[in-house]
Amino acid sequence: MRRILAALSVAGLLLAVAGCSSDDDSSTPASATPTTLNVSAAASLKKTFTAIADEFQKQHAGVTVKLSFDGSSTLVNQIKQGAPADVFASADERNMDKLGDQAVDPKIFATNTLVIVTAPGNPKGINSFADLNKPGVTTVVCQSAQPCGNATDTVEKNTGVTVNAASEEQSVTAVLTKVTTGQADAGVVYVTDAKAAGDKVATVTDPAFAAVVNKYPIATVQGAPGDALGKEFIELVLGPQGQQILADAGFGKP
């Protein structure tokens with residue numbers, strides 16, 4: 001009889017423990033914080049956002065930041081078509097506005113201006129924006145839909161000089177590549193892109209560029225699963241560490 005009672009007592013204890021475990025499991029959230037943060041950023045941010053993403057991952061164990069770089073207009077279209085994006089960083093406010101309510105609380109985090117890049121030594125003797133139309137000069141610019149192209153259009157309006165471009169590229173990095181590979185004699189890019197290229201290019205400024213300043217906004221994307229992490233990423237971009245990385249690359253203050 002004592003053996004039977006002892007067995008029943010053990011069985012009861014096991015059931016109680018199992019019940020507690022079941023209760024504990026039910027209190028665990030069905031979905032944990034996402035371990036991947038998808039960030040879509042303008043092509044001109046590739047170097048800086050790669051560095052910021054590395055810092056973010058150091059501060060958030062187990063989190064991977066997946067970066068997608070392209071022209072801002074292209075990224076907007078991708079996000080609207082359902083491409084995964086928790087955070088969007090644009091090279092201008094116009095493309096951020098195109099997201100409408102999908103862009104949650106955009107904040108300006110940097111500024112940038114244009115510059116002309118040529119082959120090292122500036123063999124074509126380009127000294128101004130107007131010189132991009134000199135005979136024998138092959139010039140490339142960004143498409144008007146992209147922030148770098150829209151800024152170039154504004155410079156054209158302000159100066160009365162329309163650049164006879166050989167091609168219009170989908171991103172500022174594509175413009176830079178055509179110059180560094182010798183496919184074009186000159187291109188209009190951002191100051192930061194020219195700085196990143198180093199001695200692969202020569203740079204030419206024009207007073208007209210100072211009047212056209214691109215403001216870079218960043219926002220989380222409405223309904224994205226990584227909303228909480230996205231806000232923390234934006235805090236890093238706006239904070240001292242992120243701002244120093246941007247400043248070192250040549251970006252202006254917000």
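Our subject is the structure listed above.
J.: Just to check I follow, could you spell out the overall build of the chain for this structure?
T.: Of the regular secondary structure elements, the chain holds 9 helices and 10 strands. Counting only residues that meet the buried cut, the chain has 43% of its 254 residues in that class. Within the chain, contacts between residues separated by at least 24 positions form 77% of all contacts whose residues are at least 6 apart in sequence. As displayed, the chain has an accessible area near 12,800 Å², and 53% of this comes from carbon and sulfur atoms.

J.: In this structure, what is going on with the pairing of strand S5 (residues 114-118)? I would like to understand it.
T.: Regular strands have side chains that alternate between both faces of the sheet. For S5, the tally of buried residues reaches 5 of 5 residues, placing the bulk of the element in the interior. When S5 meets strand S8 (residues 186-190), the two strands line up antiparallel, connected through 5 bridges. Paired with valine 117 across the bridge in S8 is glycine 187. Sheet analysis places S5 next to strand S9 (residues 202-204), joined by 3 bridges and oriented antiparallel. Its bridge partner being in S9, valine 117 is matched across the sheet by threonine 203.

J.: For this particular structure, what's the right way to read the pattern of salt bridges?
T.: Working definition: two side chains of opposite charge can pair if their charged atoms are close together. Summed over the entire model, instances satisfying the criterion amount to 3 salt bridges. The salt bridge involving lysine 107 is made with aspartate 105; its shortest N-O contact spans 2.4 Å.

J.: How do you make sense of the packing of aromatic side chains when you look at a structure like this?
T.: Aromatic rings in a pair are described by how distant their centres are and how their planes are angled relative to each other. This model, assessed by the stated rule, comprises 7 aromatic pairs. Grouped by ring-pair contacts, the aromatic residues Phe49, Phe56, Phe109, Tyr190, Tyr216, Phe233 and Phe251 constitute a single cluster.

J.: When you look at the nonpolar core in this model, what are you seeing that I'm missing?
T.: The nonpolar side chains of a soluble globular protein tend to be buried with one another. With 59 residues, the main nonpolar core has Leu45, Phe49, Phe109, Ile218 and Phe233 as its most contacted residues. Element by element, the count of residues in this core is highest for helix H8 (residues 227-238), at 5 residues. Once residues within four sequence positions are removed from consideration, phenylalanine 49 is found in contact with Val39, Ala41, Leu67, Phe69, Ala89, Phe109, Ile218, Phe233 and Val237. Ile79, Phe88, Met96 and Ala224 belong to the second largest nonpolar core, which has 11 residues in total.

J.: It is not clear to me how H8 should be interpreted in this structure. Could you clarify?
T.: Since the α-helix advances by 3.6 residues per turn, residues separated by three or four positions end up pointing in the same direction. Helix length check: H8, at 12 residues, gives a terminal C-alpha distance of 16 Å against a target of 16 Å (1.5 Å per residue), a fit within 8%. Inspection of H8 places Leu229, Gly230, Phe233, Ile234, Leu236 and Val237 among the buried residues, and these make up the whole buried set. Viewed along the axis of H8, the buried residues span an arc of 155 degrees, placing them on a single side of the element.

J.: Honestly, the layout of surface pockets in this entry has me stumped. Any pointers?
T.: The calculated volume of the largest pocket comes to roughly 280 Å³. Around the largest pocket, the lining is made up of 18 residues, and of these Leu176, Thr192, Asp193, Ala196 and Ala197 lie nearest the centre. In terms of residue count, helix H7 (residues 191-197) provides more of the lining of the largest pocket than any other element does, 5 residues in total. For the lining of the largest pocket, the per-class residue count stands at 6 nonpolar, 6 polar and 6 charged.

J.: Help me out: how do you make sense of the packing of H8 against helix H9 (residues 240-248) in this one?
T.: To describe two helices that pack against each other, one gives the angle between their axes and the distance between the axes. For the pair H8 and H9, the least separation of the axes is 4 Å and the interaxial angle reads 55 degrees. One finds that H8 runs oblique with respect to H9. For the pair H8 and H9, the contacting residues are Leu236, Val237 and Leu238 in the first and Pro240, Gln241, Gly242, Gln243 and Leu246 in the second. Among the residues making up the contact of H8 with H9, the classes are represented as 5 nonpolar, 3 polar and no charged.

J.: Just to check I follow, could you spell out unusual backbone geometry for this structure?
T.: Glycine aside, negative phi is the norm for most residues, and most peptide bonds take the trans geometry. Positive phi, normally seen in glycine, also occurs at aspartate 105, with a value near 50 degrees. Its place among the elements puts aspartate 105 in strand S4 (residues 103-112). Not every positive phi belongs to a glycine, and asparagine 122 is a case in point at roughly 50 degrees. The topology assignment puts asparagine 122 in the loop between S5 and strand S6 (139-142). Given the relative accessible area of 16%, asparagine 122 is considered buried.

J.: So what exactly am I meant to see when it comes to the environment of alanine 186 here?
T.: Note on placement: alanine 186 falls in strand S8. Sequence-wise, alanine 186 and valine 204 are 18 residues apart; in three dimensions their C-alpha atoms are separated by 9.7 Å. With residues near it in sequence (within four places) discarded, alanine 186 still touches Ile116, Val117, Thr118, Ile126, Leu132, Thr138, Thr139, Val140 and Val179.

J.: Hey, could you run me through helix H5 (residues 147-159) in this one?
T.: Along its 13 residues, H5 runs 18 Å from first to last C-alpha, staying within 8% of the 18 Å computed at 1.5 Å per residue. Within H5, the full set of buried residues consists of Pro147, Cys148, Gly149, Ala151, Thr152, Val155 and Glu156. Just downstream of H5, glycine 160 is the residue with a positive phi angle, here 80 degrees.

Criteria and thresholds
Residues numbered from 1 in each chain as written. Predicted model: local features only at pLDDT ≥ 70, side-chain atom pairs only at ≥ 80, totals over all residues. Heavy atoms only, no water. Helix = DSSP H or I, 4+ residues; strand = E, 2+ residues; numbered from the N terminus. Buried < 20%, exposed > 50% of the residue type's maximum accessible area, 1.4 Å probe, protein only. Contact = heavy atoms within 4.5 Å. Areas by Shrake-Rupley, 256 points an atom, 1.4 Å probe, with all protein chains shown as cover. Pairing = 2+ DSSP bridges. Salt bridge = Lys/Arg side-chain N within 4 Å of Asp/Glu carboxyl O. Phe/Tyr/Trp six-rings, centres within 6.5 Å; stacked < 30°, edge-to-face > 60°. Core = buried A, V, L, I, M, F, W, Y, C linked by side-chain atoms within 4.5 Å. Expected span 1.5 Å × (residues − 1). Arc of directions from axis to C-beta. 1 Å grid on protein atoms, 1.4 Å probe; cavity = no way out; pocket = protein on both sides within 12 Å on 5 of 7 lines; lining within 4 Å. Points joined across faces, edges and corners; volume = space filled by probe spheres on them. Nonpolar A, V, L, I, M, F, W, Y, C, P; charged D, E, K, R; others polar. Axes fitted to C-alpha atoms, helices over the stretch in contact; angles between N-to-C directions. Parallel < 35°, antiparallel > 145°, perpendicular 65-115°, else oblique.

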